[in-house]
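The lines below spell out each chain.
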Amino acid sequence: MSQIILGIESSCDDTAAAILRGPGTAPRILSNVVLSQTDLHAKFGGVVPEIAARAHAEALDLMVEQALAEAKTALSDIDAIAVTAGPGLIGGVLAGVMAAKGLAMGLGRPLVGINHLAGHALTPRLTDGIAFPYLLLLVSGGHCQFLRVEGAERFVRLGGTIDDAPGEAFDKVARLLGLPQPGGPSVETAAQGGNPKRFALPRPLLDRPGCDLSFSGLKTAVLRTRDTIIAKHGGLTEQDRADLCASFQAAVADVLAQKTARALALAEVTTFAVAGGVAANQTLRERLQSVSDLPFVAPPLALCTDNAAMIAYAGMLAFENGRSDGMDLVARPRWPLDEKAAPMIGSGKRGAKA
Ligand code: KG4
Ligand code: ZN
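Residues numbered from 1 in each chain as written. Chains lettered and ligands numbered in written order. Predicted model: local features only at pLDDT ≥ 70, side-chain atom pairs only at ≥ 80, totals over all residues. Heavy atoms only, no water.

### Examining the sheet that holds strand 10 (residues 296-297)
Then, number 1: With respect to topology, five strands assemble into an open sheet ordered 8-7-6-9-10, the strand pairing being mixed. Each end of this open sheet is capped by a strand with a single partner; those strands are strand 8 (154-160) and strand 10.
Then, number 2: In terms of strand pairing, strand 6 (residues 134-139) meets strand 9 (residues 272-275) through four bridges, oriented parallel. Bridge pairing links L138 to A275 in strand 9.
Then, number 3: Across the face of the sheet, helix 8 (residues 238-267) comes into contact with strand 6, strand 7 (144-151), strand 8 and strand 9 while running at roughly 150° to strand 6. (Pairing = 2+ DSSP bridges. Helix = DSSP H or I, 4+ residues; strand = E, 2+ residues; numbered from the N terminus. Contact = heavy atoms within 4.5 Å. Axes fitted to C-alpha atoms, helices over the stretch in contact; angles between N-to-C directions.)

Following this line, the structure appears as structure tokens:
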């Protein structure tokens, strides 16, 4: 069944809309537009939920119009609407859900609320058509978990962060070293000329069984190392900065690679995929790829970071499974993909870790 789905995403600091043409077995992205709020939040050192919500409310219409124009599609051609209904910053999620309800009601088309994490988790299937089940490592500014993806709406969480997400740690390290935000790319660039072995930073939770992760202690270790250098030498040289970035990046890659090996042993799958903004990191990609001989899928960056094409795709699969929501669809700040798994403790500046 060929369907045209409008996807809407506004759960963090990107306002996004996308048009996807089905069927789910052969999806085609007709357009995928994202308006980032990075500049609005830059001077606050993190995402300010109230500013984010207002900016989403202002930009949503515009993004939908732009997505339609780029897809050369009229609003009346849309068969159904999929919207992120959580988890995330509640004001932003609400703005998206309200916009989607308005459109669904006005057009008389069905609506479905999508879990943002499901969007990320299904992306390797959208881009590479990989078969269920597969292991997904989701690493972004807001999330970090290992998921066994068993179906469009069936996920088992094998482990996740108990505190910060790795992207948060990259952003914090950049701030500690006076590098620009977002921290991931600037730390990666600075690390290029650095010695990853100069500082012996911790590898948190490797001594414990299982696939849970922790990044907050690593961040603090970078802070202490920085302060020790400053106390001894009166400041940081470019080389100190590069070495510290390289050592931090090596620690993150080490922990994620070793935990991936454990997750793969548990998951019994034939494909390993990665998604989320931190998956853009080249050192990390190379380490993850070398963990096993299984096929490794890393979607293109524009589909790894927050976007609405992944929401439209998750929506398409949900509709094909016969699921839809009514006008009573609620926005959820917390929404674990695997309802049976123990709740994650962490709740960072980008909202609940789910
Ligand atoms: O998935 P994403 O766009 O948004 C959410 O957090 O949901 O991920 C953004 C995060 C930021 O923390 C950013 O610093 C990190 O991904 N990031 C990177 C790189 N590019 C972006 N981290 C490490 N290395 C990179 N090259
Ligand atoms: Zn995300």
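### Details of the nonpolar core
Then, number 1: Of all hydrophobic cores here, the largest spans 46 residues; its most connected members are F248 and L256.
Then, number 2: Listed by contribution, the elements that provide at least two residues to this core are strand 6, strand 7, helix 5 (166-176), helix 6 (183-191), helix 7 (216-233), helix 8, strand 9 and helix 9 (282-289).
Then, number 3: Sorting elements by how many residues they give to this core places helix 8 first, with twelve residues.
Then, number 4: The contact partners of F248, leaving out residues within four places of it in the chain, are A169, F170, V173, V187, L201, L218 and V222.
Then, number 5: L20, A80, V112 and L117 belong to the second largest nonpolar core, which has 32 residues in total. (Core = buried A, V, L, I, M, F, W, Y, C linked by side-chain atoms within 4.5 Å. Buried < 20%, exposed > 50% of the residue type's maximum accessible area, 1.4 Å probe, protein only.)

### Some words on the domain arrangement of the protein chain
Then, number 1: According to the domain assignment, the protein chain consists of domain 1 (4-126 + 303-320) and domain 2 (131-294).
Then, number 2: Computed from C-alpha atoms alone, the centre-to-centre distance between domain 1 and domain 2 is 27 Å.
Then, number 3: Taken together, the contacts link 13 residues of domain 1 with 21 residues of domain 2.
Then, number 4: Counting the surface lost from both domain 1 and domain 2, the interface buries some 1,300 Å², and carbon and sulfur atoms represent 71% of this.
Then, number 5: Between the two partners, domain 1 and domain 2, sit zero salt bridges.
Then, number 6: Across the domain 1-domain 2 interface, the total number found is two residue pairs in polar contact (both at pLDDT 80 or more).
Then, number 7: Those elements that place two or more of their residues in the side of domain 1 that touches domain 2 are helix 4 (116-128) and helix 11 (309-320).
Then, number 8: Tallying contributions element by element places helix 4 first for the side of domain 1 that touches domain 2, with eight residues. (Domains from an automatic or database assignment. Buried area = accessible area lost by both parts, 1.4 Å probe. Salt bridge = Lys/Arg side-chain N within 4 Å of Asp/Glu carboxyl O. Polar contact = N/O pair within 3.5 Å; in protein donor to acceptor, adjacent residues only side chain to side chain.)

### Structural notes on the coordination of the zinc ion (ligand 2)
Then, number 1: Around the zinc ion (ligand 2), the donor atoms from the protein are H116 (NE2), H120 (NE2) and D306 (OD), and they sit 2.1 to 2.2 Å away.
Then, number 2: Every donor counted, the four donor atoms about the zinc ion (ligand 2) form angles of 82 to 134° at the centre, which fits irregular coordination.
Then, number 3: Donor residues for the zinc ion (ligand 2) sit on one chain with the sequence pattern H-x3-H-x185-D. One end of the pair, H116, is in helix 4; the other, D306, is in the loop between helix 10 (301-304) and helix 11, with 190 residues separating them in the sequence.
Then, number 4: D306 sits in the buried class, given a relative accessible area of 15%. (Donors = N, O, S within 2.8 Å, 3.2 Å for Na, K, Ca; no water. Tetrahedral: all angles 85-135°; square planar, octahedral: opposite > 155°, others 65-115°.)

### A short note on the packing of aromatic side chains
Then, number 1: Applying the stated criterion across every chain, the model contains three aromatic pairs.
Then, number 2: Between F170 and F248, the ring centres sit 4.9 Å apart and the planes meet at 80°, which makes this aromatic pair edge-to-face. Of this pair, F170 sits in helix 5 while F248 sits in helix 8; the two residues are 78 residues apart in sequence, bridging distant segments of the chain. Pair check on accessibility: F170 and F248 agree, each one buried.
Then, number 3: Here R125 stacks its cationic end above the ring of F132, 3.9 Å away from the centre of that ring. (Phe/Tyr/Trp six-rings, centres within 6.5 Å; stacked < 30°, edge-to-face > 60°. Lys NZ or Arg CZ within 6 Å of the ring centre and 35° of its normal.)

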